[in-house]
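Summary of the model geometry
Spelled out, the chains give:
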Amino acid sequence: MKGVVFDFGGVMTTAIMPDRVRPIVAELGIPWEALETGFGKYRRQMDGGFIDIDEMYRRIWADAGVELDEKTHRHILEEDLKSFISRNDLTLEWMRRLKARGLKLGILTNMPARFAPIFRREYHDFVALTDAMVISGEEKMYKPMRCIYDLLRERIGLAADDIWFIDDVESNCQGARDAGWHAVRFIDNAQAERELDEHLA
């Protein structure tokens, strides 16, 4: 192992979008399944920079036959975005320990380009530790597309077999494995660090 690449949402953050949005739509009587279906259709298009978050939600409401007033629509978008800044400082400390062991670090995240400046500002200490980064919306690609893993590998300057990937989404972990990397699915910090340490020993 020569490098460890981290996902952002759910790994560097302590909350993900459903944690904040689910209670709102439940109160409105909107079935959560309607949003899950919509995210399955449109979330990666948003992450790849092909549509913005406003358009994603409008498509979800249209598909589900839901009519929302503009204020409620905006409130849901705001709550979605708030999950973005719930920092997980346990991951930051983990990254610092790995860096001290001489490993290269990377960030590979599905994120719309419009959020990238906020990410670089709010997570500057995470970013400062890394040797390479790929933000999906800036490249018009997204996990688990093979090309996004190959791009990060080129930037970090390591062979695929030397890279371990940490992500909370299994399909993204499998995308890394398909690209020749190794992967640990992140459930919590203790579990993920323990699993990675088994391979560092």
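Summarised in this report is the structure supplied together with it.

For the rest of this paragraph, the subject is the pattern of salt bridges. What the rule picks out here adds up to 21 salt bridges. Between Lys-143 and Asp-7 there is a salt bridge, with its nearest N and O atoms 2.8 Å apart. Taken together, the residues Lys-143 in the loop between helix H8 (136–139) and helix H9 (146–156) and Asp-7 in the loop between strand E1 (3–6) and helix H1 (17–28) connect sequence positions 136 residues apart. According to the relative accessible area criterion, Lys-143 is buried, its value standing at 1%. Residue Asp-7 is classed as buried on the basis of its relative accessible area, which comes to 4%. Close ionic contact of Lys-99 with Asp-131 constitutes a salt bridge, the shortest N to O distance being 2.7 Å. One end of the pair, Lys-99, is in helix H5 (residues 89–100); the other, Asp-131, is in the loop between helix H7 (124–128) and strand E3 (132–135), and 32 residues separate them in sequence. Using a relative accessible area of 30% as the deciding quantity, one classes Lys-99 as partly exposed. Residue classification places Asp-131 among the partly exposed residues on the basis of a relative accessible area of 38%.

We now examine H9. Listed as buried for H9 are Ile-148, Tyr-149, Asp-150, Leu-151, Leu-152 and Ile-156. Of the surrounding secondary structure, the elements contacted by the buried residues of H9 are E1, strand E2 (104–109), E3, H8, strand E4 (163–167) and helix H10 (170–178). Just downstream of H9 lies Gly-157, where phi reads positive at about 75°.

The rules we used
Residues numbered from 1 in each chain as written. Predicted model: local features only at pLDDT ≥ 70, side-chain atom pairs only at ≥ 80, totals over all residues. Heavy atoms only, no water. Salt bridge = Lys/Arg side-chain N within 4 Å of Asp/Glu carboxyl O. Helix = DSSP H or I, 4+ residues; strand = E, 2+ residues; numbered from the N terminus. Buried < 20%, exposed > 50% of the residue type's maximum accessible area, 1.4 Å probe, protein only. Contact = heavy atoms within 4.5 Å.

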